[in-house]
Amino acid sequence: DRLPELLRRMPKAELHIHIEGSLEPDLIFALAQRNSVAIPYASVDELRRAYAFTNLQSFLDIYYAGASVLLHEQDFYDMARAYLARAAMDNVAHTEIFFDPQTHTARGVKMDTVINGLHCACVDAQAELNISASLILCFLRHLSETEAFETLEQALPHRDKFIGVGLDSSELGHPPEKFARVFARCRELGLHLVAHAGEEGPPAYIWTALDILKVERIDHGVQSSKDAALMQRLARDRIPLTVCPLSNLKLCVFPQLADHNIGALLEAGLVATINSDDPAYFGGYMNENFLQTFAATGLAAQHAYQLACNSFEASFIEPGAKRRYL
Ligand code: ES4
Ligand code: ZN
């Protein structure tokens, strides 16, 4: 069976990766030591044993604790370089990386430190690893829209270093429309727009992400299969879904990988893609997501080809350059 080899070797784009979720336990401990930051885990193994999640919030609590070791530009650079090297090994040709500045600025880290460290890693990776990488700034939806506006303001001196904005963190109780005005402003600024919606939240959140925020892609969106009219809208407008199977498994969105609806989304003609989300926490980078999902759900070579094409179509690579991948 040559399907695993095809999955590993095919060029692909990654469109849903939180850089703070690529921070491996070893690097968390190394940075904690380097920066003299205390973390509430005695060892790498104890930290790993805490990675038993029941839902999104149980994960986020540990994810924010892990990010607390990041202080200096070099820390952000090292984290992103490690991810980019790992992604290149999985034949990721292009990646669009989420980052959560509020997780850092709330601890007194400067916006400049965060963005400069991540951006330098992206520039160096293009030259040294032949992987193209862009940054997408995410607003934390459990915080206020006023705080999102303040974050945007702090980031605008670096407008040339990120291509868009997204919306992440605790979904339930924080619908997209809470951020209507800040997304309208980002749209005026010519930024690309995406939002997490329909991970744990209802199809209604996907509708408002599309119709009120006017996002170009939906992150996760797996709950769309509960709403036939929404499925038609996503297919008709070719709105991509950045699906993350191992994330959905680890956060108990689906009881087993075999129950995942990625096959149904593809068969309905949606521009679905496979991504890693928070690979250090969910048990796998891109190829592990492809391999385990194909093994569990019985997807075949034509689905692999479709997913690779979808990933480049759904990317924000300039249209001229994009044609080389399709
Ligand atoms: C996230 Cl899986 C997921 N969902 C929402 N927000 C996030 N931030 C990092 N991972
Ligand atoms: Zn995510």
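This one's a predicted model, so the numbers in the text were calculated from it and none came from an experiment.

1. Observations concerning the environment of H16
Thinking step 1. Looking at where H16 falls in the secondary structure, it is placed in strand 1 (residues 12–18).
Thinking step 2. Ignoring any residue separated from it by four or fewer positions in sequence, one finds H16 in contact with D219, T242, C244, N275 and D277.

2. So, the nonpolar core
Thinking step 1. Formed by 92 residues in total, the largest nonpolar core has its most connected members in I19, A80, F99, L118, I136 and A209.
Thinking step 2. Per element, the largest residue contribution to this core is seven residues, and it comes from strand 3 (residues 132–140).
Thinking step 3. Beyond its immediate chain neighbours, meaning those up to four positions away, A80 contacts I19, L118, A121 and C122.

3. Details of the packing of helix 5 (residues 73–89) against helix 7 (residues 111–129)
Thinking step 1. For the pair helix 5 and helix 7, interaxial distance at closest approach is 8 Å and the crossing angle is 35°. Both helix 5 and helix 7 take part in a crossing whose hand is right-handed. Contact residues: E73, Q74, D75, F76, Y77, A80, R81, L84, A85 and A88 in helix 5; T113, V114, N116, G117, L118, C120, A121, C122, D124, A125 and L129 in helix 7.
Thinking step 2. When grouped by side-chain class, the residues that make up the contact of helix 5 with helix 7 number 13 nonpolar, four polar and four charged.

4. Points about the sheet that holds strand 4 (residues 164–168)
Thinking step 1. Here we have eight strands laid out as an open sheet, ordered 1-2-3-4-5-6-7-8, and parallel in their pairing. The sheet is open, and its two edges are formed by strand 1 and strand 8 (272–274), each paired on a single side. Between one strand axis and the next, the sheet turns through 25° on average, direction left out of account.
Thinking step 2. Looking at chain direction, strand 6 (residues 217–220) and strand 7 (residues 241–243) are connected through two bridges and run parallel. Residue pairing for strand 7: D219 is matched across the bridge by T242.

5. Overview of the site of ligand 1
Thinking step 1. In the vicinity of ligand 1, the residues found are H18, G21, L56, Y63, D168, S169, H196, E199, S247, D277 and D278.
Thinking step 2. Each residue belonging to the shell around ligand 1 can be placed in one class, and the counts come to two nonpolar, five polar and four charged.

6. Overview of the UniProt feature "binding site: substrate" (unreviewed entry) in the protein
Thinking step 1. UniProt tags D278 as "binding site: substrate" (unreviewed entry).
Thinking step 2. Structurally, the position occupied by D278 is in the loop between strand 8 and helix 14 (279–282).
Thinking step 3. Ignoring anything within four residues of it in the chain, the contact list for D278 reads H18, G21, Y63 and S247.

7. What to know about the pairing of strand 6
Thinking step 1. Inspection of the sheet shows strand 5 (residues 192–197) paired to strand 6 by four bridges, in the parallel sense. The partner of A195 across the bridge, within strand 6, is I218.
Thinking step 2. With helix 11 (residues 228–236) bridging strand 6 and the parallel strand 7, this β-α-β connection has right-handed handedness.

8. A short note on unusual backbone geometry
Thinking step 1. Despite not being glycine, S169 shows a phi value in the positive range, around 80°.
Thinking step 2. Among the secondary structure elements, S169 is positioned in the loop between strand 4 and helix 9 (180–188).
Thinking step 3. Of note in this structure, D277 is not a glycine but carries a positive phi near 70°.
Thinking step 4. Of the residues examined, D277 has 30 C-beta atoms within 10 Å and is grouped as buried.

9. Some details on helix 4 (residues 56–67)
Thinking step 1. For helix 4, with 12 residues, the first-to-last C-alpha span of 16 Å sits near the 16 Å given by 1.5 Å per residue.
Thinking step 2. By the burial criterion, the buried members of helix 4 are L56, F59, Y63, G66 and A67. Along helix 4, the residues classed as buried sweep out an arc of 90° about the axis, all on the same side.

10. Observations regarding the environment of G198
Thinking step 1. By the element assignment, G198 lies in the loop between strand 5 and helix 10 (203–213).
Thinking step 2. Not counting chain neighbours up to four residues away, the residues in contact with G198 comprise P203, Y205, I206, I218, H220, G221, V222, Q223 and S224.

11. Considering the UniProt feature "site: Important for catalytic activity" (unreviewed entry) in the protein
Thinking step 1. When the UniProt feature table is mapped onto this chain numbering, "site: Important for catalytic activity" (unreviewed entry) sits at H220.
Thinking step 2. Checked against the element boundaries, H220 lands in strand 6.
Thinking step 3. You can call H220 buried: it has 28 C-beta atoms within 10 Å.
Thinking step 4. When neighbours within four sequence positions are excluded, H220 is seen to be in contact with H196, A197, G198, E199, V243 and C244.

Conventions adopted
Residues numbered from 1 in each chain as written. Chains lettered and ligands numbered in written order. Predicted model: local features only at pLDDT ≥ 70, side-chain atom pairs only at ≥ 80, totals over all residues. Helix = DSSP H or I, 4+ residues; strand = E, 2+ residues; numbered from the N terminus. Contact = placed C-beta atoms within 7 Å. Core = buried A, V, L, I, M, F, W, Y, C linked by C-beta atoms within 7 Å. Buried ≥ 20, exposed ≤ 12 C-beta atoms within 10 Å, placed from the backbone. Axes fitted to C-alpha atoms, helices over the stretch in contact; angles between N-to-C directions. Left-handed = near helix turned anticlockwise from the far one by under 90°. Nonpolar A, V, L, I, M, F, W, Y, C, P; charged D, E, K, R; others polar. Pairing = 2+ DSSP bridges. Near = placed C-beta within 6 Å. UniProt positions renumbered as here; feature names shortened; annotations may be inferred. Right-handed = clockwise from strand over helix to strand, strands pointing away. Expected span 1.5 Å × (residues − 1). Arc of directions from axis to C-beta.

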